[in-house]
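Okay, here's what each chain looks like letter by letter:
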Amino acid sequence: MNPITPIIKGLGITFKHMFLKPVTLQYPTERPRVAARYRGLHGLKVSHDKAKCVACYLCPTVCPAKCITVEAAEDANHDKYATKYEIDMLRCIFCGYCVEACPVDALKMTGEFELANYSRKDFIYSKERLLEK
Amino acid sequence: MVNLTIDDKQVTAPKDSTIYDAAKLNGIKIPILCHDKKLKPFGACRMCLVEIEQMKGRQIPACTTPATEGMIIRTNTPDIIKARKLVLELLLLNHPLDCPVCDKGGDCDLQNLTYDYELNSNRFIDSKFQHEIDYNNPLIERDMNRCVLCGKCVRICDEIVSYGALTFIDRGIETKIGCDFEKPLDCEFCGSCVSVCPVGALLARPFKHKARFWALTKHNSVCGYCGTGCNLTLGVKDDKVLTTVYDENQGFHKGQLCVRGRFGYQFINSEKRLTTPLIRKNGRLTEATWDEALEIVAGRLKGGTAVAALATPRLTNEELSLFKKMMLENVGSKNYDHSAGYAHRALTEGFASSFGSSASSASIPDIQKSDLLLVIKTDSYETHPVIGFEINMGVKNKGIKLNILSDKRGKLSKLPGANTLVHIPGTEVAVINALCKSVIDQKLADPSVASLPGHAELIKALSDFTPETIAAVSGLTVEKINKLAADYAAAEKAMILFPTGLGYAGHAADLARAVANLAILTGKLGKEGCGVLCLSEKNNSQGAVDMGFYPQDGGDNALQILDACSAGTIKTLLIAGENPVTSYPDNAKVKAALDAVEFLIVSDLFMTETAELADVVLPACSFAEKEGTYTSTDRRVQHVKPAINKIGQSRSDFEIISSLIVKLGGTPPTTPAAQFSEITANTPGYEGMTYATLGNEGAFAPVSIQPVFVVPVAAQVPAAQGKLALVTGSVLYHNGTLSQHGEGPVHVCPEAYVEISRSDAGRSSIIDNDLVTVTSENGSLQLKAKLSIRIPEGVVFIPYHFPAAPVNMVWSGSAVTMVSLSK
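Everything numeric in this text was worked out from a predicted model, so none of it was measured. Each chain carries its own residue numbering, running from 1 in the written order of its sequence. Chains and ligands are labelled by the order in which they are written, letters from A for the one and numbers from 1 for the other. Local features in a predicted model are, by the rule used here, given only for residues with pLDDT of at least 70; side-chain atom pairs are given and counted only at 80 or more, and totals for whole chains, interfaces and linings are based on all residues.

Q: Quick one: what's the story with the overall build of chain A, residue by residue and with numbers?
A: Each helix corresponds to a stretch of at least 4 residues labelled H or I by DSSP, and each strand to a stretch of at least 2 residues labelled E; elements are numbered beginning at the N terminus. A tally of regular secondary structure across chain A gives four helices and seven strands. Going from N to C terminus, chain A has its helices and strands arranged as α-β-β-β-α-β-β-α-β-β-α. Computation of the radius of gyration draws on C-alpha atoms alone. For the globule rule, the value is 2.2 Å times the number of residues to the power 0.38. Relative to its length of 133 residues, chain A is extended, with a C-alpha radius of gyration of 23 Å against a globular reference of 14 Å. Oriented by its inertia axes, the alpha-carbon framework of chain A measures out at about 85 × 30 × 30 Å. Any residue surrounded by 20 or more other C-beta atoms within 10 Å of its C-beta is treated as buried, while 12 or fewer makes it exposed and the intermediate range makes it partly exposed; C-beta atoms here are placed from the backbone. Taking all 133 residues of chain A together, 18% fall into the buried category.

Q: Tell me what's going on with the overall build of chain B, and back it up with residues and numbers.
A: Within chain B, the secondary structure is distributed over 25 helices and 33 strands. The C-alpha atoms of chain B give 28 Å as radius of gyration, which agrees with the globular expectation for 823 residues (28 Å, within 12%). By principal-axis analysis of the C-alpha atoms, chain B measures approximately 85 × 70 × 60 Å. When burial is assessed residue by residue, chain B has 56% of its 823 residues classed as buried. Intrachain contacts of chain B at a sequence separation of at least 6 include 75% that bridge at least 24 residues. Any two residues are considered in contact once their C-beta atoms, placed from the backbone, lie within 7 Å.

Q: Explain the domain arrangement of chain B to me, and be specific about the residues and the numbers.
A: Residue and element names in this part refer to chain B. Domain delimitation follows an automatic or database domain assignment. By domain assignment, chain B separates into domain 1 (2-76), domain 2 (124-267), domain 3 (278-341 + 542-700), domain 4 (345-535) and domain 5 (724-822). One C-alpha centre belongs to domain 3, the other to domain 5; they are set 30 Å apart. At the junction of the two partners, domain 3 supplies 10 residues and domain 5 supplies 13 residues. Three categories are distinguished: nonpolar for Ala, Val, Leu, Ile, Met, Phe, Trp, Tyr, Cys and Pro, charged for Asp, Glu, Lys and Arg, and polar for the others, with Gly belonging to the last. Looking at side-chain class alone, the side of domain 3 that touches domain 5 contains four nonpolar, four polar and two charged residues.

Q: Describe in detail the interface of chain A and chain B, supporting the description with residues and values.
A: Quite often, the size of an interface is put as the accessible area lost when its parts meet. Listed by partner, the interface residues are 11 residues for chain A and eight residues for chain B. The element contributing the most residues to the side of chain A that touches chain B is strand β4 (residues 68-74) of chain A, with three residues. Class assignment of the residues belonging to the side of chain A that touches chain B gives a composition of seven nonpolar, two polar and two charged.

Q: Hey, could you go over the confidence of the model for chain B for me, with residue numbers and the actual values?
A: Close inspection of predicted coordinates is inappropriate for parts of the model with low pLDDT. The pLDDT value expresses, per residue, how confident the predictor is, ranging between 0 and 100. Confidence in the prediction of chain B, expressed as mean pLDDT, is 93, and 100% of residues score 70 or more. For this predicted complex, the interface score ipTM comes out at 0.84, alongside a pTM of 0.93.

Q: Before we move on, could you go through the packing of helix α12 (residues 428-441) of chain B against helix α16 (residues 509-521) of chain B and cite the residues and values that matter?
A: Residue and element names in this part refer to chain B. Under this scheme, a helix contributes an axis fitted over its contacting stretch, all axes are lines through C-alpha atoms, and angles between N-to-C directions fall in the 0 to 180 degree range. It is at 9 Å that the axes of α12 and α16 come closest, and there the two elements cross at 15 degrees. By the angle between their directions, the pair α12 and α16 is classed as roughly parallel. Considering the relative orientation of α12 and α16, their crossing is left-handed. Seen from α12, the contacting residues are Glu428, Val429, Ile432, Asn433, Leu435, Cys436 and Val439; seen from α16, they are Asp510, Leu511, Ala514, Val515, Asn517, Leu518 and Leu521. Considering only residue class, the contact of α12 with α16 consists of 10 nonpolar, two polar and two charged. An angle below 35 degrees is read as roughly parallel, one above 145 as roughly antiparallel, one from 65 to 115 as roughly perpendicular, and any other as oblique. Two helices that cross are described as forming a left-handed crossing if the nearer one is turned anticlockwise from the farther one by less than a right angle, and a right-handed crossing if clockwise.

Q: Kindly report on the pairing of strand β23 (residues 599-604) of chain B, identifying the contributing residues and their values.
A: Residues and elements named next belong to chain B. Among the six residues that make up β23, six are buried, leaving the element largely enclosed by the rest of the structure. Of the two faces of β23, the one carrying Phe599, Ile601 and Ser603 and the one carrying Leu600, Val602 and Asp604 are both buried. Strand pairing is assigned whenever DSSP identifies at least 2 bridges connecting the two strands. Here strand β22 (residues 572-576) pairs with β23 via five bridges, running parallel. Bridge pairing in β23 links Leu574 to Ile601. As judged from the four bridges shared by β23 and strand β24 (residues 616-619), these two strands associate in the parallel manner. Directly across from Ser603, in β24, lies its bridge partner Leu618.

Q: Which residues make up the nonpolar core, and what values do they have?
A: We call a set of buried Ala, Val, Leu, Ile, Met, Phe, Trp, Tyr and Cys residues a nonpolar core when their C-beta atoms link them within 7 Å. Cys153, Phe323, Leu373, Leu435, Ile496, Val515 and Leu726 of chain B are the most contacted members of the largest nonpolar core, which totals 258 residues. Among the elements that line this core, the one with the most residues is α16 of chain B, at 10 residues. Apart from the residues lying within four places of it in its own chain, the contact partners of Cys153 of chain B are Leu166, Ile177, Cys193, Val196, Cys197 and Leu202 of chain B. The next biggest cluster of nonpolar side chains, apart from the first, holds 24 residues, and it includes Tyr57, Ile68, Tyr85 and Ile87 of chain A.

Q: Go over the sheet that holds strand β13 (residues 278-281) of chain B, please, and point to the residues and values.
A: Residue and element names in this part refer to chain B. Spatial strand order, β14-β13-β24-β23-β22-β15-β16: seven strands in an open sheet with mixed pairing. The sheet terminates laterally at β14 (284-287) and β16 (336-338), the two strands that pair on one side only. Shown here is a sheet whose adjacent strand axes are inclined to one another by a mean of 20 degrees, direction ignored. Along the sheet, helix α8 (residues 317-331) contacts β15 (307-311), β16 and β22; its crossing angle with β15, the most-contacted strand, is approximately 175 degrees.

Q: Run through the environment of Arg758 of chain B, naming residues and quoting values.
A: Summarising the element assignment, Arg758 of chain B is placed in helix α25 (residues 758-763). Arg758 of chain B has contacts with Leu787 and Ile789 of chain B, leaving out every residue within four places of it along the chain.

Q: With reference to specific residues and values, describe helix α13 (residues 455-462) of chain B.
A: Residue and element names in this part refer to chain B. Those residues of α13 not exposed but buried are Leu458, Ala461 and Leu462. Seen end-on, α13 carries its buried residues on one side only, within an arc spanning 95 degrees. Residues of α13 that are exposed and point over 90 degrees away from its buried face: Ala456 and Lys460. Buried positions along α13 lie against α12 and α16. An arc is given here, and it is the one of the directions from the helix axis to the C-beta atoms.

Q: Provide a residue-level description of the sheet that holds strand β19 (residues 419-422) of chain B, including the pertinent values.
A: As a general point, the strands of a sheet are linked pairwise by backbone hydrogen bonds and lie either parallel or antiparallel. Residues and elements named next belong to chain B. If you walk across this open sheet you meet the five strands as β19-β18-β17-β20-β21, and the pairing is parallel. The open sheet is flanked by β19 and β21 (531-535), the only strands paired with a single partner. Averaged over all adjacent pairs, the angle separating strand axes in this sheet is 15 degrees, with direction ignored. Bridging between strand β17 (residues 372-376) and strand β18 (residues 401-406) involves five bridges; their strand directions are parallel. Of the residues in β18, the one forming a bridge with Leu374 is Asn403.

Structure (structure tokens):
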């Protein structure tokens, strides 16, 4: 075979791509479109100005990575609520079992995927950070 | 035995069993909500419906129907399953579906049955109950909305606890469980109702929302309070004891516990626990390392006979025997003791001389096998509530005749048919001698005992104790004494129980000898359901005696040790777990002794009033953190294993003593197991025991008895002279001073009080909760007054557990102290 032919062919493909839509996303100036079912950072749902979570401990029970820590207490109305709700994002495998297990639909997984941080302790998301804004 | 067929399986069952029992015995599961094996059949829930072929397919409850010969039973036909589903649907119609926030979730019979029967929806519609929830009680939360009306709480409170706090109120759909007149719950707070509740209607408030049931790891243990030796299951999460878990198969008591056992566990993980060794520097206790502390302690222990030790009988057998070994071999001192030197005398001197063995001749299971019980002091219920439950069940279910000889009335006197003889405080030994005399005079004594040693001396000594003279002294009548003596002698099986402890100075050697004489005279010994049971106060009081941790061969006893501290002959005192400042008699004397002693070392869980005076404080650990054995009051040896890691830097007394032995140049055993094998080799009755053979059940150390008559000395009762007789003792909610650190007991009984009869109170116009000054020769003490109908005129009662108002300010260790009251 003519040794020039494969080079021409290769350059042809390169040349073609100059007219196609680029695959690379120019992150962070360009943002990806996150699917509705994407399993990103968890969010604690809020209803009537307080977290819906009743601290039933089903999410830490079902969690295969053991990354959820819940501590419950009794509020002034004798209702159960979570004094502490922490997710260790370094351990989380984003399986979504916690959302599935929640009996009161208090937990969701958001499209938030930018979870990088500078220190390990910043990966432990407290209840305040997880509450939906 | 009866033969019957259940689900095509040929089975046999005992004659008195129900269909449910027969099925369970043969591994066939019948669902149940309202049945508990400890309670009488009730048949409230209708979950256990079965079909019996002979009854033409009628559905009948298995838990109330006796199994009869040839029955052909089916437990799971489609019709039965349909009926059970209907029962569940109707229960779930009103039961709130708040499983996520209900602490019973995961351990709930209704939840489990709903899951088993795959009930996903309900055909019916109705509104949920709107009963008010009782959040105010510190220990038991009652949410009647969740109640399924199984009646277990009502029945256990009546049949076993015999308190009757709960009952069914109203009729039909409005039925609920409540207290009389719908008042708040005010009972013994033993929590038996909580333990048997199949749903979340009754919950333990101290455990509320602490953890879910499935997250707890369960550790079998032995209760660390009284000498009953109840088995416990500790619920542990994240290295913390969060609750006690009910297990109906545990121990002789089938999981029944008292308020201390069930709600008094918080001391284990208390924030007030000592976590580092402390050394007194410039007059202040400052944190130090273990090496530093042990070095100083070991240096001070090289003082030979100028060293003494006091230990609490809450230490394990291994610790006590190693402690004794250290004192004898490494320190070279015979001065060691426990329990103020008198609370163990009933065993170490009384039974030791009368029976030739320093242990009780009867066991707790004997109670229900007996025909007649003679209980000395109604306090037996307060000191050992679970033994009290055994008495309740015996009296109510088996018709045991209950006779009580006491200086005040109490809960036991309320039992059906209870015959309470209320005597003048301090005369119990004289009364028992009079009972012996009456037995002899009525010719009811066992003729074979005349040949026993000491018989003649006893007969001679008893001539001073005719029922007539004693009736006058004790405030009883001759007829009552003669009748009790006759009843006791006539009963085929009769048993005597009496409590001992720091609060019962009068219950020492002579009382033990007196009751032993009565039992020997009438031949009520060495048979099932007979004998004498000394209820020792702490969880290992009997063990401490078996290990010989009391002065022998000329060693000083606890009170002599304190005197020697004051005199300066004892220079170093090592106290392990005892709190003499609060619990020993005569506060001023104890404090002076501890101040005078050159060097005081205290190892304890908490900064007690005694530890505050120490030069070195060593943090010890609780029963939940160490391995060893405890011996219950009836010589059941039980093995405890650590349920959690040691708190902070605390160490078990076994480790502390081992390190001290090393520093003193000895070689200690490597593990508690090694020490236990030494114990079994040297302790009569313990032969052949190992941790493996003890298992979860424990094993009885047999007691061999050589009965001898010994003449007991009846103490002189001080003349009243217009004063009141102070008796001390335990309250139901506390045991020693340890329960002061358990939240549950403190919620119910937070402070000391003085219990006065209504007539005495009326005379000084004292009303409930008045601050009253109690004055004796020793000192005075301000306490809240509690008026009570159980106290006879001329008597006041003060419990001893409370450091804030210690009764030893006015009490110097006599059985009866004369006091006056003023407002």
